[in-house]
Amino acid sequence: MSTIRIHDTMSGRDIRLDHDKIGIYLCGVTTYDDTHIGHARTIIVFDVLRRYLEEMGRQVNLVQNFTDIDDKIIQRADAEGRDALELSHSYIERYHQDFDRLNVKRATSYPQATTHMQEIIDIISELVKSGHAYVVDSGVYYSVESFYEYGALSKKNIRELRSGIRIDPEQDKHDKVDFALWKRTDTKPNWDSPWGSGRPGWHIECSAMSLKHLGRTFDIHGGGRDLIFPHHENEIAQSRACTGLPLARVWMHVGMVTISGQKMSKSLGNIKTTRSILDRWGPNALRLFCLSGHYQKPIDYTQELLVESLDLWRRLESCHYILEQMADTHDTIVHDEFDAALSSNFNTHEAIKIMGDTVREVGEMASAGSLYTDNANILYGRIARMISIFGLHISRPENTEQIQHDIAQREKYRRSGKYKQADIIRERLHAKNIELLDYKDGTVWVYHEIMPHNIRH
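Cut-off values and rules
Residues numbered from 1 in each chain as written. Predicted model: local features only at pLDDT ≥ 70, side-chain atom pairs only at ≥ 80, totals over all residues. Heavy atoms only, no water. Axes fitted to C-alpha atoms, helices over the stretch in contact; angles between N-to-C directions. Helix = DSSP H or I, 4+ residues; strand = E, 2+ residues; numbered from the N terminus. Parallel < 35°, antiparallel > 145°, perpendicular 65-115°, else oblique. Left-handed = near helix turned anticlockwise from the far one by under 90°. Contact = heavy atoms within 4.5 Å. Core = buried A, V, L, I, M, F, W, Y, C linked by side-chain atoms within 4.5 Å. Buried < 20%, exposed > 50% of the residue type's maximum accessible area, 1.4 Å probe, protein only. Pairing = 2+ DSSP bridges. Phe/Tyr/Trp six-rings, centres within 6.5 Å; stacked < 30°, edge-to-face > 60°.

Visitor: Just to check I follow, could you spell out the packing of helix α14 (residues 400-415) against helix α15 (residues 419-430) for this structure?
Guide: Two packed helices can be described by the angle between their axes and the distance between those axes. Relative orientation of the contacting elements α14 and α15 amounts to 155°, with a least axis distance of 7 Å. If you check the angle between α14 and α15, you find them roughly antiparallel. Considering the relative orientation of α14 and α15, their crossing is left-handed. On α15, the residues touching Asp406, Gln409, Arg410, Tyr413 and Arg414 of α14 are Tyr419, Gln421, Ala422, Ile425, Arg426, Arg428 and Leu429.

Given below as structure tokens:
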């Protein structure tokens, strides 16, 4: 069985994953608004990682949470005069609509913070009992000073963190750097606890959900690089203080999507929602865009890069249909440098270049009349596998028999010199998003994904 190495943020090394069963916890979204392209990139990267692991024969348990209770959710609900939980769950539904369109495989489970209150309370109770947490009037706080490994993930120093905090809104905390595990409040929604009515802090929610669904130690904990501190650092402190074990073997973080080099933010008005980009560019171009750079590095959102991604997708469509119609078997799989790229710290950037080279090779061979059944079988297996691992979706027309009939009729017109009638058939098929490619050995048809009218074809 093939192996894969993933860069671990904690150790700074690439760690080999060779278990038959792989557990992944992916920090999901806080459901107070639609997702943006930064969320989409992280989720697509992990979707492709999962697909590749499964293609290698691994059994993957992918747990992706929803933070369905949070101050941002409550503030948004108050502003709109809605129930906080109703608002949150409406955005969970919109999330599934968007990511189903993106051809993202559903996670093994989608735990929600509000359905794990007992687990959250149990962990907090254990932390209080062990002296890692303390109770004050405003709630329960984790004592960062009690965990000597704090800062190992983010490489931050507690003293420097203290000096950087100028305003302390919770005056009854023992230390500026301590963080909330339970916030006392009478405001709804709230839950009963040994420390009074309230709701959990953000960080404790993920510790409770990951421990319940994946156990005390699992293979990969993932998310965007913006979660390294404080979220993931605090998760480690809570979980390890509770279990005494490392939470994850690998901490895998995906680079941000920037706009003209700046982080997306509402204050700058540069948020690009997943839904708006899907509506304009379609799922396949968006997936290729998100995979076009190495996952660890930031990627800048530009129209030019999306156009490049769409152009690659158009060529991939053509390549797939050419090979499908020229091959006589559809199950040949070839492992090559594509696997080497993905197995070496999941280098999708290099894997996409290799895929593009294969597409160009097929086009050149088809044009030169040197694409035969034998090499078409090999190349079809290779391209089909790449498309599957990248989670791309080939659109299909409704009536292929009619297309073949029209092509045969067009060929009769061409042989008899009736080029005007032949062109009418070509144009009629083109209006249905079917492109005809004429080669020495015959005509191949390609059905293109239907795109919005404002996208260049």
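Visitor: Got a minute to help me understand the nonpolar core in this structure?
Guide: Most often, soluble globular proteins keep nonpolar side chains buried together rather than apart. Core analysis: the biggest nonpolar cluster contains 94 residues, and Leu49, Met252, Leu316 and Phe346 have the highest contact counts within it. Those residues in contact with Met252 that lie beyond four places of it in its chain are Ile6, His7, Val45, Phe46, Leu49, Ile220, His221, Gly222, Gly223, Tyr295 and Phe346. By size, the runner-up hydrophobic cluster in this structure holds 47 residues, among which are Ile69, Leu181, Trp182 and Ala208.

Visitor: Where do I start with the sheet that holds strand β4 (residues 59-64) in this structure?
Guide: Adjacent strands of a sheet pair through backbone hydrogen bonds, lying either parallel or antiparallel. Taken in spatial order, the four strands line up as β4-β3-β9-β10 in an open sheet, and their pairing is parallel. Each of the sheet's edge strands pairs with one partner strand only, and the pair in question is β4 and β10 (248-254). Here the strands of the sheet are splayed against their neighbours by 20° on average, with no regard to which way each runs. Across three bridges, strand β3 (residues 21-26) lies against strand β9 (residues 218-224) in parallel orientation. The residue bridging Ile24 from the neighbouring strand is Ile220, located in β9. Each of β9 and β10 touches helix α7 (residues 228-243); the most contacted strand, β9, lies at about 155° to it.

Visitor: Explanation requested: the environment of Ser239 in the structure shown.
Guide: By the element assignment, Ser239 lies in helix α7. The exposure class of Ser239 is buried, given its relative accessible area of 1%. Separated by 233 residues in sequence, Ser239 and Ile6 place their C-alpha atoms 22 Å apart. Once residues within four sequence positions are removed from consideration, Ser239 is found in contact with Ser207, Leu211, Gly244 and Leu247.

Visitor: Which parts of the structure should I look at to understand the packing of aromatic side chains?
Guide: The geometry of an aromatic ring pair comes down to the distance between the two centres and the angle between the two planes. Summed over all chains, the structure comprises 11 aromatic pairs. Where Phe289 meets Tyr301, the ring centres are 6.0 Å apart and the plane angle is 75°; that geometry is what we call edge-to-face. With Phe289 in helix α9 (residues 283-291) and Tyr301 in strand β13 (residues 299-301), the pair connects residues that are 12 residues apart, well separated along the chain. Measuring from ring centre to ring centre gives 5.0 Å for Tyr321 and Trp445, while their planes differ by 45°; the resulting arrangement is tilted.

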